[in-house]
Amino acid sequence: MATINYPENPSPVADAEAIRKACQGWGTDEKAIISIFGHRNATQKKLIRRAYEELYNEDLVKRLESELSGHFEKAVYRWILDPEDRDAVMLHAAIKETPIPDYRVIIEYSCIYSPEEFLAVKRAYQARYKRSVEEDLAEHSAGDLRKLLVALVGIYRYAGKEINARVANTEADNLHSAICNKEFNHEEIVRIISTRSIPQLIATLNRYKDDYGSSITKHLRDDANAAKEYLVALRTTIRCINDPQKYHEKVIRYAINESGTDEESLTRVIVTRAEKDLKDIKEIYYKRNSVTLDHAVSKHTSGDYKAFLLTLLGNDN
C-alpha cells in the first residue's frame, strides 16, 4: 500500500501558482513546495508541470533545480518527474557509476518491476539518452557481472502465474549441480535466473531449499572461484525475486545506521515505493528493528530533506 496522502481533485493551476510564489522573493519557500508536491500523486504532478509551463513558459523541473540544493533538491527532482523518466535517470546514473555500475539499482528495476513497467523505463531511457540500456550497460561493465546484468535487462519476462513443477524440480537440481561444482557463472544459472517468470523462479528456489536444506543465497557465498561483485549481484537478484519488500527494507536499514546515512539509497526506495508498497515496507522495518521507519528517518536526516521524506512516508506532523 502507498504512504502518500493526497487530495482527490486539486487544481493544477492553483498548485502551479503557489509553487511560482514559493520560488519568488528573497528566498525559496521550501515548506510550500513540500506541502504541495509531498501530497500529489504521479498524475497530479504531471498536471502541475504542464500548468506551470503553460502559465509561465518555463520548465518547472529546471526552475526547482535552480532553487533547491543538496539531498532535498535531488529527492524533489526525482519525485516530480514521471515515474518511468525518473527511473531512467536513476538507471543511467547507476550504469555510469565507477569503477563498476551500481548493480543494485539495475537489478531492482529489472527484477521487481513488471515486464511492462520495466519496458516503459527502457523506452524513457532511450528517449532521454539516445542509447539503449543494454548498450550502455555492456559498455560500462565487464566479465561475469556484465553477462548477468545484460541478460537481466534484455529480457521481457513472461508475466503469467503458471508454474511447472517438473521444470522447477529439474532446474533446482541444475542450479545445485553448478553451485556444488563451484561453477557460479555457469550459463544455466544465468539462463534460469534471467529468463524464467517470477512465479516459476520462486517455485524453483523453494524446491531448491526443500531439497537441499538451505536457501540458494546461503550456498552462493563469496568464493575464490568467482568474482565477489558477481556473487553479490547474483544474491541480490535472488532476494529481489523472492521478496521485494523484504529486500527494500534491508536497503533502507543499511542506508540509515550509526556509521552514516546513504541518502542515495534512502531516497531511491522512498520515492520509487511511496505510491506503491511503502506502507508494507514500513511494517516490515518496524518488525525487524522495533522502531518506526519515520523515527529512523527523522533521526538520521535533517532539514527540508527530512521534512520531505517524512511527508512521503505519510507523516504530516
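About the thresholds
Residues numbered from 1 in each chain as written. Predicted model: local features only at pLDDT ≥ 70, side-chain atom pairs only at ≥ 80, totals over all residues. Heavy atoms only, no water. Phe/Tyr/Trp six-rings, centres within 6.5 Å; stacked < 30°, edge-to-face > 60°. Helix = DSSP H or I, 4+ residues; strand = E, 2+ residues; numbered from the N terminus. Buried < 20%, exposed > 50% of the residue type's maximum accessible area, 1.4 Å probe, protein only. Lys NZ or Arg CZ within 6 Å of the ring centre and 35° of its normal. UniProt positions renumbered as here; feature names shortened; annotations may be inferred. Contact = heavy atoms within 4.5 Å. Polar contact = N/O pair within 3.5 Å; in protein donor to acceptor, adjacent residues only side chain to side chain. Axes fitted to C-alpha atoms, helices over the stretch in contact; angles between N-to-C directions. Parallel < 35°, antiparallel > 145°, perpendicular 65-115°, else oblique. Nonpolar A, V, L, I, M, F, W, Y, C, P; charged D, E, K, R; others polar. Domains from an automatic or database assignment. Buried area = accessible area lost by both parts, 1.4 Å probe. Salt bridge = Lys/Arg side-chain N within 4 Å of Asp/Glu carboxyl O.

(A) Highlighting the packing of aromatic side chains. Under the counting rule described, the total for this entry stands at 5 aromatic pairs. Between F72 and F308, the aromatic rings sit 5.9 Å apart at their centres with planes inclined by 80 degrees, giving edge-to-face as the arrangement. With a gap of 236 residues between them, F72 in helix 5 (residues 70-80) and F308 in helix 20 (residues 303-312) connect regions that are remote in the sequence. On the basis of relative accessibility, which here comes to 5%, the residue F72 falls in the buried class. One residue, R20, lies across the ring of Y56, its end atom 4.4 Å from the ring centre. Between K276 and the ring centre of Y113, over which it is positioned, the NZ or CZ distance is 4.2 Å.

(B) Molecular detail of the UniProt feature "binding site: Ca(2+)" (unreviewed entry) in the chain. UniProt feature "binding site: Ca(2+)" (unreviewed entry): in the numbering of this structure it lies at G25, G27, E67, I256, G260 and T301. Across 277 residues in sequence, these annotated residues place their C-alpha atoms as far as 35.3 Å from one another, rather than forming a single compact spot. With respect to the helices and strands, G260 occurs in strand 2 (residues 260-261). Checked against the element boundaries, T301 lands in the loop between helix 19 (293-300) and helix 20. If we skip the residues at most four places from it in the chain, T301 touches L266, K306 and L309.

(C) Representation of the side chain of H39. If you trace the backbone, H39 turns up in the loop between helix 2 (30-37) and helix 3 (42-56). With a relative accessible area of 17%, H39 lands in the buried category. Within the structure, H39 has its side chain in polar contact with the backbone oxygen of S35 (distance 2.9 Å).

(D) View of the packing of helix 13 (residues 198-212) against helix 15 (residues 228-242). Orientation of helix 13 relative to helix 15, taken along the N-to-C sense of each, is 110 degrees, at an axis distance of 9 Å. The angle between helix 13 and helix 15 places the two elements in the roughly perpendicular class. On helix 15, the residues touching I198, L201, I202 and L205 of helix 13 are I238, I241 and N242. Considered class by class, the residues forming the contact of helix 13 with helix 15 number 6 nonpolar, 1 polar and no charged.

(E) Examining the domain arrangement of the chain more closely. Taken domain by domain, the chain consists of domain 1 (12-68), domain 2 (83-154), domain 3 (165-242) and domain 4 (245-313). Computed over C-alpha atoms only, the centres of domain 1 and domain 4 are separated by 25 Å. Listed per partner, the contact involves 7 residues of domain 1 and 6 residues of domain 4. Summing both partners gives a buried area of about 540 Å² for domain 1 against domain 4, and 64% of it is carried by carbon and sulfur. When residues of domain 1 are sorted by the area they lose upon contact with domain 4, E30, I34 and G38 head the list and together hold 67% of the total. Counting every contact that joins domain 1 to domain 4 gives 1 salt bridge. Two residues, E275 and K45, come together in a salt bridge whose shortest N-O distance is 3.5 Å. Taken together, the links from domain 1 to domain 4 amount to 2 residue pairs in polar contact (both at pLDDT 80 or more). Counting residues per element, the ones that place at least two in the side of domain 1 that touches domain 4 are helix 2 and helix 3. Taken together, the residues that form the side of domain 1 that touches domain 4 break down as 2 nonpolar, 3 polar and 2 charged.

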